[in-house]
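# Observations on the model geometry
Read off the chains here:
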Amino acid sequence: MELPKCMSCKDGTLIPLSDYGTEGASVTYKAWACINPECGFQLRIDKGQVTYGKRLERPNS
């Protein structure tokens, strides 16, 4: 599968991320995130709402 280029930074690639729904069912491609650490663009679906553009931050360890 060829992954799309990030349209935000034009340098990174978007990778698909999966998760589990509230009932435990698998949600394939729930989010897409840019692999360029300087970009951090993401697109996600939460409860039927599409959100995008928020920069992903690393959790504090």
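Residues numbered from 1 in each chain as written. Predicted model: local features only at pLDDT ≥ 70, side-chain atom pairs only at ≥ 80, totals over all residues. Heavy atoms only, no water.

## Re the overall build of the chain
- Secondary structure summary: the chain contains 0 helices and 4 strands in total.
- Ordering the α and β elements of the chain from the N terminus gives β-β-β-β.
- In the chain, the proportion of contacts linking residues at least 24 apart, taken out of those at least 6 apart, comes to 16%.
- Working note: accessible area of the chain is about 5,100 Å², and carbon and sulfur atoms make up 53% of it. (Helix = DSSP H or I, 4+ residues; strand = E, 2+ residues; numbered from the N terminus. Contact = heavy atoms within 4.5 Å. Areas by Shrake-Rupley, 256 points an atom, 1.4 Å probe, with all protein chains shown as cover.)

## Observations regarding the side chain of T13
- Counting through the fold element by element, T13 comes out in the segment before β1 (14–20).
- Owing to a relative accessible area of 18%, T13 belongs among the buried residues under this scheme.
- When neighbours within four sequence positions are excluded, T13 is seen to be in contact with L3, P4, K5, C6, A33, C34 and I35. (Buried < 20%, exposed > 50% of the residue type's maximum accessible area, 1.4 Å probe, protein only.)

## With respect to the sheet that holds β1
- Taken together, the 4 strands give an open sheet; going across it, the order is β1-β2-β3-β4, and neighbouring strands pair in antiparallel fashion. With partners counted over all chains shown, the strands left at the sheet margins are β1 and β4 (49–52), one partner each. Each neighbouring strand pair of the sheet contributes to a mean axis angle of 25°, computed without reference to strand direction.
- Here 3 bridges tie strand β2 (residues 26–34) to strand β3 (residues 42–46), and the two strands are oriented antiparallel to one another. Considered in β3, the bridge of A33 is made with Q42. (Pairing = 2+ DSSP bridges. Axes fitted to C-alpha atoms, helices over the stretch in contact; angles between N-to-C directions.)

## Describing the pattern of salt bridges
- Summed over the entire model, instances satisfying the criterion amount to 3 salt bridges.
- Between K30 and D19 there is a salt bridge, with its nearest N and O atoms 3.9 Å apart. Within this pair, whereas K30 is found in strand β2, its partner D19 is found in strand β1, the two being separated by 11 residues in sequence.
- Judged by its relative accessible area of 16%, K30 falls in the buried class.
- K30 serves as the salt-bridge partner of D46, at 3.3 Å between the closest nitrogen and oxygen. Of this pair, D46 sits in strand β3 while K30 sits in strand β2, placing them 16 residues apart in sequence.
- Here the salt bridges share partners, and the residues they tie into one network are D19, K30, R44 and D46. (Salt bridge = Lys/Arg side-chain N within 4 Å of Asp/Glu carboxyl O.)

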